[in-house]
Amino acid sequence: MASIDSKDIHKIIVACDAGMGSSVMLASQLRKQLKETGVSVEHTPVNNIPDDADVVLCHAGLAARAKAAAPGKVLVSFQIFLGDPAVTRLVNTIKNGGTVDA
């Protein structure tokens, strides 16, 4: 299982598929929540995850594709776009320190 210490997280990718806007809203929300931390948040298609991503965040339905597109990256999957506990844990870990596990 891949993991990363919060101090080593500089770039989060919110990976999407359908382009319905939900993942764009999530990326925007994360940018606001992490503004003071210096962590950048970008939104990209699941098949175009950049190599410099530290953490990939995607809906559980896209997890297998994200894992294939970005092997070795820490992948955090969620069930709901706004208010999901996995996303809350990620934000809290970045703000308070700790380790993020895939």
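Above this text you will find the structure in question.
Residues numbered from 1 in each chain as written. Predicted model: local features only at pLDDT ≥ 70, side-chain atom pairs only at ≥ 80, totals over all residues. Heavy atoms only, no water.

**A word on the packing of helix 1 (residues 22-33) against helix 3 (residues 85-96)**
We count it as follows: Every axis corresponds to a line fitted to the C-alpha atoms, with the helix fit spanning only the stretch in contact, and the corresponding angles, defined between N-to-C directions, vary from 0 to 180 degrees. Put simply, DSSP marks the helices as runs of H or I at least four residues long and the strands as runs of E at least two long, and each gets a number from the N terminus on. Oblique is the label for any angle not covered by the other classes, which are roughly parallel (under 35 degrees), roughly antiparallel (over 145) and roughly perpendicular (65 to 115). The sense of a crossing depends on the near helix, which, turned anticlockwise from the far helix by less than a right angle, makes the crossing left-handed and, turned clockwise, makes it right-handed. Here, residues are in contact when the closest pair of their heavy atoms is within 4.5 Å. Note that Gly is not counted as nonpolar here; it falls among the polar residues with everything else outside the nonpolar set of Ala, Val, Leu, Ile, Met, Phe, Trp, Tyr, Cys and Pro and the charged set of Asp, Glu, Lys and Arg.
Packing of helix 1 against helix 3 brings their axes to within 11 Å, and their N-to-C directions diverge by 25 degrees. Judged by the inter-axis angle, helix 1 sits roughly parallel to helix 3. For the crossing formed where helix 1 meets helix 3, the hand is right-handed. Contact with helix 1, carried on its side by Leu26, Leu30 and Gln33, involves Val87, Val91 and Lys95 of helix 3 and no other residues of that element. Its residues assigned to classes, the contact of helix 1 with helix 3 shows four nonpolar, one polar and one charged.

**Points about the pairing of strand 5 (residues 74-78)**
Inclusion rule: Only protein chains enter the calculation, and the probe is 1.4 Å; a residue is then buried if its accessible area is under 20% of its type maximum, exposed if over 50%, and partly exposed in between. Strands are treated as partners if at least two bridges between them are detected by DSSP. Viewed with both strands pointing away, a crossover whose connecting path from the first strand over the helix to the second turns clockwise is right-handed.
With respect to burial, strand 5 is a largely interior element, four of its five residues being buried. In this sheet, strand 5 lies alongside strand 4 (residues 55-59) in parallel orientation, the contact comprising five bridges. Of the residues in strand 5, the one forming a bridge with cysteine 58 is serine 77. Following the backbone out of strand 4, through helix 2 (residues 63-69) and into the adjacent parallel strand 5, one traces a crossover that is right-handed.

**Re the pattern of salt bridges**
Rules: We define a salt bridge as a contact between a side-chain nitrogen of Lys or Arg and a carboxyl oxygen of Asp or Glu at a distance within 4 Å.
Taken as a whole and judged by the stated rule, the model has four salt bridges. Two residues, lysine 7 and aspartate 8, come together in a salt bridge whose shortest N-O distance is 3.7 Å. Residue aspartate 8 is classed as partly exposed on the basis of its relative accessible area of 37%. Among the ionic pairs, aspartate 52 bridges to lysine 11, the shortest N-O distance being 2.8 Å. Of the two residues, aspartate 52 is situated in the loop between strand 3 (40-45) and strand 4 and lysine 11 in strand 2 (residues 11-16); the sequence distance between them amounts to 41 residues. Because the salt bridges share partners, they merge into one network encompassing Lys11, Glu42 and Asp52.

**A word on the side chain of serine 23**
Put simply, the test is: Residues adjacent in sequence count toward polar contacts only when both atoms are side-chain atoms; beyond that, a polar contact is any pair of N or O atoms within 3.5 Å, and within protein one must be able to donate a hydrogen and the other to accept it.
Here serine 23 lies in helix 1. A residue is classified by how much of its surface remains accessible, and serine 23, at 7% relative accessible area, is buried. In terms of polar contacts, serine 23 uses its side chain to reach the side chain of histidine 43, at 2.8 Å. In contact with serine 23, not counting residues within four places along its chain, are Val14, Cys16, His43 and Phe81.

**Notes on the environment of alanine 70**
Here alanine 70 is to be found in the loop between helix 2 and strand 5. Taking the C-alpha atoms as reference, alanine 70 lies 8.9 Å from valine 46; in sequence the two are 24 residues apart. Beyond its immediate chain neighbours, meaning those up to four positions away, alanine 70 contacts Ile49 and Val56.

**Points about helix 3**
Our working definition: Helices are assigned an expected span. That span is 1.5 Å times one less than the residue count. Summarising the geometry, the arc corresponds to the directions from the helix axis toward the C-beta atoms.
Over its twelve residues, helix 3 extends 16 Å from the first C-alpha to the last, a length consistent with the 16 Å expected when each residue adds 1.5 Å. Buried within helix 3 are the following residues: Ala86, Val87, Leu90, Val91, Thr93 and Ile94. In a view along the axis of helix 3, the buried residues occupy a sector of 160 degrees, so they form one face of it. Exposed side of helix 3, more than 90 degrees from the buried face: Arg89 and Asn96 are the residues found there. Here the buried face of helix 3 lies against strand 2, helix 1, strand 4, strand 5 and strand 6 (99-101). Measuring from the backbone nitrogen of alanine 86 back to the side-chain oxygen at the start of helix 3 gives 2.9 Å, which picks out aspartate 84 as the cap. With its phi angle positive at about 90 degrees, glycine 97 sits one or two positions after the end of helix 3.

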